[in-house]
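So you can see what is in the structure, the chains are spelled out below.
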2 protein chains.
Amino acid sequence: MEKLIKVAMGLDKADLVLKGGNVINVYTGEIEVADIAIKDGYIAGVGNYCGNVEIDMKGKYLAPGFIDGHLHIESTMLSPSNFAKAVLPWGTTTGICDPHEIANVCGEKGVDYMINESKTVPFDAMFMAPSCVPATPYESNGATIDATGLDKLLDKCHGVGEFMNAPGVVYCDTDVMNKLKYAKQRGVVVDGHYPLAGEKELNAYIGAGITTDHECVDIVDACNKLRRGMYVLVREGSATRNLRDLFPIINNKTLRRLVFCTDDRQVHDLLTIGHLNNNIKIAIEMGLSPIDAITMATLNAAECYKLNDRGALSPGKIADIVVIDDIYKFNVLEVYKNGKLVAKDGKALFDASVIDCKDVRNTVHCKDIQESDLKLKLNSDMVRVMGIEPHNVTTKSLVQKVSVTDGVYDFKDGLSKICVVERHKNKGNIGIGLLKDYNIKCGAIAVSVAHDSHNIIVCGDNDRDMAIAVNEIKRAGGGMTAVHNGEIFDTMELPIAGLMSDKDIDYIASKTAALNEFAINTLKVNSEVEPFMTLSFMSLVVIPELKISDKGLFDYSSFKFVDIEVEK
Amino acid sequence: MEKLIKVAMGLDKADLVLKGGNVINVYTGEIEVADIAIKDGYIAGVGNYCGNVEIDMKGKYLAPGFIDGHLHIESTMLSPSNFAKAVLPWGTTTGICDPHEIANVCGEKGVDYMINESKTVPFDAMFMAPSCVPATPYESNGATIDATGLDKLLDKCHGVGEFMNAPGVVYCDTDVMNKLKYAKQRGVVVDGHYPLAGEKELNAYIGAGITTDHECVDIVDACNKLRRGMYVLVREGSATRNLRDLFPIINNKTLRRLVFCTDDRQVHDLLTIGHLNNNIKIAIEMGLSPIDAITMATLNAAECYKLNDRGALSPGKIADIVVIDDIYKFNVLEVYKNGKLVAKDGKALFDASVIDCKDVRNTVHCKDIQESDLKLKLNSDMVRVMGIEPHNVTTKSLVQKVSVTDGVYDFKDGLSKICVVERHKNKGNIGIGLLKDYNIKCGAIAVSVAHDSHNIIVCGDNDRDMAIAVNEIKRAGGGMTAVHNGEIFDTMELPIAGLMSDKDIDYIASKTAALNEFAINTLKVNSEVEPFMTLSFMSLVVIPELKISDKGLFDYSSFKFVDIEVEK
């Protein structure tokens, strides 16, 4: 503290002074031409300063480092250190990260890995303890985090991750209540996840101490949440893009309660349009004042998540600073993290170091699959079919007559078969269903990223290729693979929990592009769907209408398992 | 938590529902017609609810309880429970209270008394641990709170009180640094007090972790503080009224960083214009939107002081609710604290119970004063004189020729004599000075409220009456007294630390009015000054120009003691 004060007073020289830039002031909405003096990674003063190193910032704009209010690193398939390399050049210096994907595979040890690897890079990943592991009792996952486990995680986490189990909250499930009480005792932030909550349910959910929501897709829902005291996280992810729809809720009154987030973002977007900068840029393009947009990405997020040490360029704050060419063009030129230059001209200036952690490797535990394991035996031919909806992760629940030979589904009607193979504890569970409009031909696709329990999902038009694909995923310890006429085309290995690669973003981007292209061009998958990502959501039973887990077909409207045969 | 959720869900009835009022929403700036359901003192839901008791609020406006960002209870001369009775009818339900007056007399035990008595009434006094006790080394007070003592106080206090020792901060005084480090370790709010801070000093002061300031008297100073990240507390006290001057700083960007406070408020004002409602009312009269003004008095203060459980009418918040007739007329009709009606039509609905605490009684410790103790011996006749400045607490430092007989000041020139008698530890210190333009005749006035160390200040035109007055204060265990021609006119006893009465506001108001009237009408004190209050500030050595403590005359410009005789 004394060191900072002495620099502020001009009695000692700063380590670094960024001279004469246009300093964006999120407290007053002003832009000041001023020097920023940095000492030991903190801002010592804003004004007129000298330093051991001085960098001319004349004409450039300096903003506080961007804070992403809610994201899942796993969704990028990048490990934490490679994730940091990918987002820092875009100006994101802090992320509120919910590691619930890896927690569903590896439990607490998965969270530990995320925390530990994040510490090796100049990016502040604030991890939220996952609140809903497993997400539902309708599938088999790798670990359970109950209230006691959550409380233990809170020793090392910043708060509690998105409370997807909204019914558990509003109907006072015992374990849920205990989780919320532990959070309250610690005074930590609890993130919400409650799309289209009803009036009374919203009161109950907020009264339980849940203070944020990133699932608003329309302005009515967003306004309801703001009125009752929630921070609304305006999301611009890869699959879910809500900013344009929610833009009308931003005004001078509500601004302070609005935060930007990305939630799930894929590598292609990270390479092209970027990260939280993209939220800011879109908001500016839509007419929001650049300083207001930056305020949402900085001060508001800091206040929402009680991060008193960041969110503004003022004395005593961590020196996380984004250098921008122009507040309308909004190109990020340089990024300083803790007072050090860590990214320049779109490139990170540090190496990622993926931790070789046994706890999160070799997580695929199932027996070798035989063709016969995937056979769909039918006593009748009127069956329930999952109907793909292009550009969406929901399905339609269809009923149709299918082709059956000797009591076994025979593929002759052109549907695809989809199976979910339990892969955590070698339980032997295989859920089998049929998929319409996926249209795969002469092959199979398999992936170990399958929300939320991350079993192996495989889809194909013949059992042989499907078995090969599953066994290849097993061999790789998790990943994405495509098989054509008995031959493995290629596999992107995801050795970290079956969810993340240990390679960098360029590798992942080129591999996924090649696999997706092969799926569409050679395997003839419907070009209206994203071959792998669509499959990853077919096991997410908490959204409509007909989904599949390792335990079987799940009907959302009745919220229970159903037999594939209608008349059974 | 379950009980609240069940009421929110409509599964259980609320204890109380305020039906159909105009609910002021500080999150969105809207007014909603809605019911507020209350359970166990908390808001369970806002919407459409049923309760065991339902009260029609149609046409009335409901605001969150007002939060005063900075105040000293002692300044009202009311004990904490009587203070609560006085302010609750005006809508103030929470106060950030700095007990540094009583701490200067009784130390930690004084703070304990304030905390304990406050617990007996439906008012949330959040006490800040006094940071500067004693305020300066230039006077004798009753107790010292060093860094260790402050840390101990933080076990029971909400944060650290106004850091008046700004030089100690910016020049890294060791004890000051330790205090700030303890505060930082605990993550508590540290209040500032730094009028007209320079640019570098302000950076240093804020970088040290001090986040508020209530001493802004002009917009330049206020803007500087906002820019560097401070919350600015807009004060409207009795002596210091800054709201009108600071009004131009309020805009859509800065609003969230602005909080209302009263600091020091006297009983006359409390009885007539009220408390924090007066800040709101003035702001509205000046053109601020009523909801913005209410937001400053509620949500902003809650955010500034990290009070997550209040500041808005939303689920999970404490049910502190102010019922107002009209948002422009702004008359407070009823006040609910923790869901109970505690004030109606300007009257508190509960009794004050002053704790009979030995630790804060009998705090006047000095020997009986003789006329001879107060003699001012002079070897020369050119002396320094304190020049009263009407309507102000500063003085002018004057030099003039005075009347001396046999080496003793003889009063023949019409000046008043002012003495400060140490009263904490019977040290025998008496500081003696001369006061111009106070004009007291044929008597003396004495008071044990004397900033910041609260020794006895006495002023008169003859030593006999002055000695009588001091001895009367001693007899009373502290208070305010007026003596005329050897007779005590009346004494308002302030038995609690010599600062506060154990009587109610009406008693204090009538006694002080009578004493002030007597001082002006009978003792002929200059009618341009407030006889008692002006004296109370003559010992405040940290403001210009010439002041007096028990240790002697103090010159502000050289910041040291000076002899009364110019040539000595």
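Here we summarise the structure given alongside this text. All values reported here derive from a predicted model rather than from experimental measurement. (Residues numbered from 1 in each chain as written. Chains lettered and ligands numbered in written order. Predicted model: local features only at pLDDT ≥ 70, side-chain atom pairs only at ≥ 80, totals over all residues. Heavy atoms only, no water.)

What follows covers the sheet that holds strand 30 (residues 560-562) of chain A. Residue and element names in this part refer to chain A. One open sheet holds the three strands; their spatial order is 28-29-30, and the pairing between them is antiparallel. What marks the edges here is a single partner per strand, and that holds for strand 28 (546-549) and strand 30. The mean inter-strand angle of the sheet, taken between neighbouring strand axes irrespective of direction, is 45 degrees. Relative to strand 30, strand 29 (residues 552-555) is paired through three bridges, and the arrangement is antiparallel. Pairing of Asp555 across the sheet is with Lys560, part of strand 30. (Pairing = 2+ DSSP bridges. Helix = DSSP H or I, 4+ residues; strand = E, 2+ residues; numbered from the N terminus. Axes fitted to C-alpha atoms, helices over the stretch in contact; angles between N-to-C directions.)

Let us look at the interface of chain B and chain A. Opposite the 56 residues of chain B that make contact, chain A presents 56 residues. Note on chain B versus chain A: buried area summed over both sides is about 4,900 Å², and carbon and sulfur give 55% of it. It is Met1, Met9 and Arg256 of chain B that lose the most area in chain B upon contact with chain A, and together they represent 15% of the buried surface on that side. Counting every contact that joins chain B to chain A gives twelve salt bridges. Arg227 of chain B is the partner of Glu30 of chain A in a salt bridge, and the nearest nitrogen-oxygen pair spans 2.7 Å. Scanning the region where chain B abuts chain A turns up 26 residue pairs in polar contact (both at pLDDT 80 or more). Top element by residues in the side of chain B that touches chain A is helix 8 (residues 199-207) of chain B. It accounts for seven residues. (Contact = heavy atoms within 4.5 Å. Buried area = accessible area lost by both parts, 1.4 Å probe. Salt bridge = Lys/Arg side-chain N within 4 Å of Asp/Glu carboxyl O. Polar contact = N/O pair within 3.5 Å; in protein donor to acceptor, adjacent residues only side chain to side chain.)

Residue and element names in this part refer to chain A. What the eight strands build is an open sheet, ordered 19-18-23-22-25-24-26-27; its pairing is mixed. Both edges of this open sheet fall to strand 19 (395-401) and strand 27 (487-493), since each of them pairs with a single strand only. Geometrically, the sheet is characterised by an average inter-axis angle of 25 degrees between neighbouring strands, direction not taken into account. Looking at chain direction, strand 26 (residues 479-484) and strand 27 are connected through six bridges and run antiparallel. Bridge assignment links Val483 to a residue of strand 27, and that residue is Ile488. Against the sheet, helix 15 (residues 463-476) contacts strand 22 (416-421), strand 24 (443-447), strand 25 (456-460), strand 26 and strand 27, and its axis sits at roughly 150 degrees relative to strand 26. Of the strands in this sheet, strand 24, strand 26 and strand 27 are in contact with helix 16 (residues 505-521), which crosses strand 27 at around 150 degrees.

For the rest of this paragraph, the subject is the relation of the copies chain B and chain A. When chain B is brought onto chain A, the operation consists of a screw motion whose angular component is 180 degrees and whose axial shift is 0.0 Å, with 0.0 Å RMSD remaining. The relationship between the two copies is best expressed as a two-fold rotation axis. Residue Asn252 of chain B, judged by its C-alpha, is the member of chain B lying nearest the rotation axis, at 3.1 Å. Mapped onto chain A, 100% of the interface residues of chain B again fall at the interface, so both copies present the same surface. (Least-squares fit on C-alpha atoms with pLDDT ≥ 70 in both.)

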